[in-house]
2 protein chains.
Amino acid sequence: MEAEFVFELPDAEILYRALKVEEKHVLTETQIDLIDGKLIIRIKAEDLAELRASVNAWLRTIKACLDVL
Amino acid sequence: MEAEFVFELPDAEILYRALKVEEKHVLTETQIDLIDGKLIIRIKAEDLAELRASVNAWLRTIKACLDVL
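Just so you know, these numbers come straight off a predicted model, no measurement behind them. Throughout this description, residue numbers start from 1 for each chain and increase along the sequence as written. Each chain gets a letter, beginning with A, and each ligand a number, beginning with 1, in the order they are written. Where totals are concerned, whole chains, interfaces and linings use all residues; where local detail is concerned, this predicted model gives features only for residues with pLDDT of at least 70, and gives and counts side-chain atom pairs only at 80 or more. Excluded from the side-chain calculation are hydrogens and water; included are all heavy atoms of the structure.

Draft legend 1. The arrangement of the sheet that holds strand E1 (residues 2–7) of chain B in detail. Any two strands between which DSSP finds at least two bridges are classified as paired. Helix and strand labels come from DSSP, where a helix needs a run of H or I of at least four residues and a strand needs a run of E of at least two; each type is numbered from the N terminus. Sheet architecture is open: 6 strands sit in the order E2(A)-E3(A)-E1(A)-E1(B)-E3(B)-E2(B), paired in antiparallel fashion. Looking along the sheet, the strands with just one partner apiece sit at the ends: strand E2 (29–35) of chain A together with strand E2 (29–35) of chain B. On average, each strand axis in the sheet is inclined to that of its neighbour by 15°, with strand direction left out of account. Pairing analysis gives 5 bridges linking strand E1 (residues 2–7) of chain A to E1 of chain B, with the strands arranged antiparallel. Its bridge partner lying in E1 of chain B, Phe-5 of chain A is registered against Ala-3 of chain B. The criterion used for residue contact is that any of the two residues' heavy atoms lie within 4.5 Å. A fitted line through C-alpha atoms represents every axis, and for helices the fit uses only the stretch in contact; the resulting angles, taken between N-to-C directions, go from 0 to 180 degrees. Packed onto the sheet, helix H1 (residues 12–20) of chain B meets E1, E2 and strand E3 (38–44) of chain B and runs at close to 150° relative to E2 of chain B. Helix H2 (residues 48–68) of chain B contacts E1 of chain A together with E1, E2 and E3 of chain B of the sheet and is inclined by roughly 15° relative to E1 of chain B.

What follows is the structure, given as C-alpha coordinates:
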(Lines give C-alpha, C1' and ligand atoms only; values in the text may rest on other atoms or scores of the structure.)
Protein backbone atom coordinates (compact mmCIF):
# COMPACT_ATOMS: atom_id res chain seq x y z
CA MET A 1 0.00 0.00 0.00
CA GLU A 2 1.29 3.45 -0.93
CA ALA A 3 0.40 7.05 -0.28
CA GLU A 4 1.75 10.13 -2.00
CA PHE A 5 1.16 13.63 -0.74
CA VAL A 6 1.80 16.76 -2.79
CA PHE A 7 1.96 20.06 -0.92
CA GLU A 8 2.06 23.27 -2.93
CA LEU A 9 2.87 25.83 -0.22
CA PRO A 10 4.86 29.05 0.09
CA ASP A 11 6.89 27.37 2.87
CA ALA A 12 7.44 24.09 0.98
CA GLU A 13 11.24 24.41 1.07
CA ILE A 14 11.41 25.15 4.78
CA LEU A 15 9.05 22.23 5.45
CA TYR A 16 11.19 20.01 3.20
CA ARG A 17 14.38 20.80 5.16
CA ALA A 18 12.58 20.27 8.47
CA LEU A 19 11.08 16.92 7.44
CA LYS A 20 13.95 15.51 5.38
CA VAL A 21 16.04 14.84 8.49
CA GLU A 22 13.21 12.64 9.81
CA GLU A 23 13.01 10.55 6.65
CA LYS A 24 15.44 7.82 7.79
CA HIS A 25 14.25 7.81 11.41
CA VAL A 26 10.76 6.45 10.86
CA LEU A 27 9.64 2.83 10.76
CA THR A 28 7.56 3.07 7.61
CA GLU A 29 9.42 3.49 4.32
CA THR A 30 9.12 7.19 3.47
CA GLN A 31 10.63 9.33 0.75
CA ILE A 32 10.57 13.13 0.95
CA ASP A 33 11.37 15.29 -2.06
CA LEU A 34 11.12 18.91 -3.16
CA ILE A 35 10.23 18.97 -6.84
CA ASP A 36 9.40 22.20 -8.69
CA GLY A 37 8.77 23.88 -5.35
CA LYS A 38 6.31 21.19 -4.27
CA LEU A 39 6.85 19.07 -1.18
CA ILE A 40 6.29 15.40 -2.08
CA ILE A 41 5.96 12.71 0.58
CA ARG A 42 5.74 9.07 -0.50
CA ILE A 43 4.89 6.39 2.03
CA LYS A 44 5.02 2.61 1.47
CA ALA A 45 3.38 0.46 4.12
CA GLU A 46 2.84 -3.29 4.53
CA ASP A 47 -0.75 -2.97 5.66
CA LEU A 48 -3.55 -0.48 6.28
CA ALA A 49 -2.80 -0.07 9.98
CA GLU A 50 0.80 0.87 9.24
CA LEU A 51 -0.29 3.21 6.45
CA ARG A 52 -2.82 4.99 8.66
CA ALA A 53 -0.34 5.40 11.51
CA SER A 54 2.36 6.75 9.24
CA VAL A 55 0.03 9.08 7.33
CA ASN A 56 -1.36 10.51 10.57
CA ALA A 57 2.11 10.98 12.02
CA TRP A 58 3.39 12.86 8.96
CA LEU A 59 0.27 15.04 8.68
CA ARG A 60 0.50 15.88 12.40
CA THR A 61 4.18 16.80 11.97
CA ILE A 62 3.40 19.01 8.98
CA LYS A 63 0.61 20.72 10.94
CA ALA A 64 3.03 21.36 13.83
CA CYS A 65 5.58 22.86 11.43
CA LEU A 66 3.00 25.07 9.72
CA ASP A 67 1.71 26.25 13.09
CA VAL A 68 5.13 27.68 14.00
CA LEU A 69 5.98 29.18 10.60
CA MET B 1 -2.92 20.02 -1.39
CA GLU B 2 -3.28 16.54 -2.83
CA ALA B 3 -3.07 12.96 -1.66
CA GLU B 4 -3.00 9.83 -3.77
CA PHE B 5 -3.41 6.36 -2.33
CA VAL B 6 -2.60 3.17 -4.23
CA PHE B 7 -3.98 -0.08 -2.82
CA GLU B 8 -2.76 -3.34 -4.32
CA LEU B 9 -5.16 -5.83 -2.73
CA PRO B 10 -6.91 -9.07 -3.70
CA ASP B 11 -10.24 -7.33 -2.96
CA ALA B 12 -9.40 -4.12 -4.83
CA GLU B 13 -12.33 -4.47 -7.25
CA ILE B 14 -14.88 -5.12 -4.51
CA LEU B 15 -13.51 -2.14 -2.57
CA TYR B 16 -13.64 -0.01 -5.72
CA ARG B 17 -17.35 -0.80 -6.30
CA ALA B 18 -18.14 -0.15 -2.63
CA LEU B 19 -16.30 3.19 -2.52
CA LYS B 20 -17.12 4.52 -6.01
CA VAL B 21 -20.73 5.26 -5.01
CA GLU B 22 -19.41 7.52 -2.24
CA GLU B 23 -17.18 9.53 -4.57
CA LYS B 24 -19.73 12.26 -5.35
CA HIS B 25 -21.20 12.36 -1.83
CA VAL B 26 -18.17 13.74 -0.01
CA LEU B 27 -17.24 17.38 0.55
CA THR B 28 -13.61 17.09 -0.47
CA GLU B 29 -12.89 16.56 -4.18
CA THR B 30 -12.13 12.84 -4.51
CA GLN B 31 -11.51 10.60 -7.52
CA ILE B 32 -11.64 6.81 -7.21
CA ASP B 33 -10.31 4.56 -9.96
CA LEU B 34 -9.44 0.92 -10.53
CA ILE B 35 -6.35 0.76 -12.72
CA ASP B 36 -4.55 -2.51 -13.49
CA GLY B 37 -6.27 -4.10 -10.52
CA LYS B 38 -5.10 -1.35 -8.16
CA LEU B 39 -7.48 0.87 -6.23
CA ILE B 40 -6.44 4.51 -6.65
CA ILE B 41 -7.90 7.27 -4.48
CA ARG B 42 -6.99 10.89 -5.26
CA ILE B 43 -7.98 13.63 -2.86
CA LYS B 44 -7.67 17.39 -3.47
CA ALA B 45 -8.14 19.63 -0.46
CA GLU B 46 -7.96 23.40 0.10
CA ASP B 47 -5.97 23.14 3.31
CA LEU B 48 -4.29 20.70 5.67
CA ALA B 49 -7.26 20.39 8.00
CA GLU B 50 -9.53 19.39 5.12
CA LEU B 51 -6.91 16.99 3.77
CA ARG B 52 -6.44 15.28 7.16
CA ALA B 53 -10.20 14.93 7.69
CA SER B 54 -10.77 13.49 4.24
CA VAL B 55 -7.78 11.13 4.38
CA ASN B 56 -8.85 9.81 7.79
CA ALA B 57 -12.44 9.34 6.64
CA TRP B 58 -11.43 7.36 3.53
CA LEU B 59 -8.91 5.21 5.42
CA ARG B 60 -11.52 4.47 8.11
CA THR B 61 -14.03 3.51 5.41
CA ILE B 62 -11.51 1.23 3.72
CA LYS B 63 -10.70 -0.41 7.06
CA ALA B 64 -14.42 -0.99 7.69
CA CYS B 65 -14.80 -2.58 4.26
CA LEU B 66 -11.75 -4.80 4.70
CA ASP B 67 -12.98 -5.89 8.14
CA VAL B 68 -16.16 -7.35 6.62
CA LEU B 69 -14.61 -8.94 3.55
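Still to come is the rest of the account.
Draft legend 2. Spotlight on the interface of chain A and chain B. The interface is formed by 18 residues belonging to chain A together with 18 residues belonging to chain B. Accessible-area loss on putting two parts together, using a 1.4 Å probe and summing over both, is the definition of buried area adopted here. When residues of chain A are sorted by the area they lose upon contact with chain B, Met-1, Leu-48 and Arg-52 of chain A head the list and together hold 32% of the total. For this analysis, a salt bridge means a side-chain nitrogen from Lys or Arg found within 4 Å of a carboxyl oxygen belonging to Asp or Glu. Across the chain A-chain B interface, the total number found is 0 salt bridges. Considering every element that reaches the side of chain A that touches chain B, the biggest residue donor is helix H2 (residues 48–68) of chain A, with 10 residues. Note that Gly is not counted as nonpolar here; it falls among the polar residues with everything else outside the nonpolar set of Ala, Val, Leu, Ile, Met, Phe, Trp, Tyr, Cys and Pro and the charged set of Asp, Glu, Lys and Arg. Class assignment for the residues of the side of chain A that touches chain B results in 12 nonpolar, 1 polar and 5 charged.

On their own, these measurements won't tell you what the molecule is for.
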